[in-house]
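Understanding the architecture of this molecule
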Amino acid sequence: MKLSTSTALKTTFAASLAFTALFSTITVLPNSHAYAAEAIVSAESAPKLPKVQVIATGGTIAGKSVDETSFQNYRAGTLLMEDMVKSLPNKDQIADVSSFQFGNAGSSSYTMQQLSSLSLKVDQALETQDGVVVTTGTDTMEEIAYFLDLTVRSAKPVVVTGSMRPWTVIGSDAQANLYNAIKLAASGKTKYYGTVVMLNDEIHAARDVTKTNATRVDTFETPMTGMLGYIDEQNIRMYRANARALMSADKWATPFDLRTIKSSSMAKVEIAYSYQEAGAGAINGFVEDGAKGIVTAGTGTGGVSKAIGEARAKAIKEKGVIFVSTTRTGSGSNYSSGDGMIAGDSLNAAHARILLQLSLSFSKDFKTIQGWFDTYGSGQVNIPTK
């Protein structure tokens, strides 16, 4: 049968459409090799998240409250950091987070020997991590942070955090502090700052920060000079550089390399508090107990009672004890120095004790130790010159 021209054209056009449809169907069929290649390209092009390890030591942040409204009645150092990190939302948006359970106790229960091990662990972690977060109790957080500041060899970010309320209570600051500490460490913004303390969205230098209130969540402050910066959700703002951040790279690391000494041989250093008619008993007792260094928390700009002054002079002359003079007022600089006595600058007594203990553990020479206080212990900012 012979088709008309019109019918033939229609038939040819229909066949063409059918072939096109079939070809289109074939070309869009899933291809496993194509998808595999696309996945590889996608994986390679995706930015790698910074690696941050959370090293946990316990404290209130790991506390379990009696019930959800028990703000003060709780057991510190109860929860494991692995579980705490797992429960944080959106952490995969800021860092590749891992955890290490160093301990689970209150901050004041740790010995200086244990803190030496903690410092070495932080450096070990920083060999593979981009930053480290250390969680501690807040009672002696400032001392632990300053110890890490003076001993960690890596210039990568080290952020110390904790909380004033336990993890399991309503309105806890624990989750926000941990999340923001991880975010800060991952950002790299505190590289070369040394160890910093981050709570309540505020960033403080370990050397200067202190706990100012027993219960409030905004307890940590840097007297006079103020915080380094703060965190507003995605915005991390650094507004001040501390002395560590401005040191040249070849002078950044302190002389206090814990790998070169036995942690069990760290020098014994104590603190003597001066007040109206303070007696000599504390100084005499510390010296008899083997103290190689004593920090005085004096009145005003560092003054001490007559009895303490006489006991100090005797300890320096007869036993070679080194003293550091600080003020008990909470802020302000101290310039009192002399034979066997070093000015503590703006260090509070607790911080000065950490620096003096490390100094005496690495040297017995007064001039050398005094020089370390004037450089690595100083908060004074000097702009590097070529």
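Residues numbered from 1 in each chain as written. Predicted model: local features only at pLDDT ≥ 70, side-chain atom pairs only at ≥ 80, totals over all residues. Heavy atoms only, no water.

Going by what an unreviewed UniProt entry lists, the protein is known as asparaginase and is assigned to Paenibacillus macquariensis. Word for word, the UniProt comment on the protein under Sequence similarities (unreviewed entry) is "Belongs to the asparaginase 1 family." (UniProt positions renumbered as here; feature names shortened; annotations may be inferred.)

Moving on: the packing of helix α9 (residues 349-362) against helix α10 (residues 366-375). Helix-helix packing: each pair is described by the crossing angle between the helix axes and the interaxial distance. At their nearest, the axes of α9 and α10 sit 10 Å apart, and the two run at 140° to each other. Here α9 is positioned oblique relative to α10, judged by the angle of their axes. For the pair α9 and α10, the sense of crossing is right-handed. Listed contacts from α10 to A352, L355, L356, S359, L360 and F362 of α9 are I369, W372 and F373. Each residue belonging to the contact of α9 with α10 can be placed in one class, and the counts come to 8 nonpolar, 1 polar and no charged. (Axes fitted to C-alpha atoms, helices over the stretch in contact; angles between N-to-C directions. Helix = DSSP H or I, 4+ residues; strand = E, 2+ residues; numbered from the N terminus. Parallel < 35°, antiparallel > 145°, perpendicular 65-115°, else oblique. Left-handed = near helix turned anticlockwise from the far one by under 90°. Contact = heavy atoms within 4.5 Å. Nonpolar A, V, L, I, M, F, W, Y, C, P; charged D, E, K, R; others polar.)

With that out of the way, let us pick up the side chain of H204. Of note, H204 is situated in strand β8 (residues 202-205). A polar atom in the side chain of H204 sits 3.3 Å from the side chain of E202. A polar side-chain atom of H204 sits 2.7 Å from a polar atom in the side chain of T222. Among all residues touching H204, those that are not within four sequence positions of it are V196, V197, V209, F220, E221, T222, M227 and L228. (Polar contact = N/O pair within 3.5 Å; in protein donor to acceptor, adjacent residues only side chain to side chain.)

For helix α7 (residues 281-288), the full list of buried residues reads I283, F286 and V287. Buried residues of α7 fall within an arc of 100° about the axis and therefore sit on the same side. In α7, those exposed residues whose orientation departs by more than 90 degrees from the buried face are G281 and E288. Buried-residue contacts for α7 involve β13 (269-273), β14 (293-298), α8 (306-319) and β15 (322-327). (Buried < 20%, exposed > 50% of the residue type's maximum accessible area, 1.4 Å probe, protein only. Arc of directions from axis to C-beta.)

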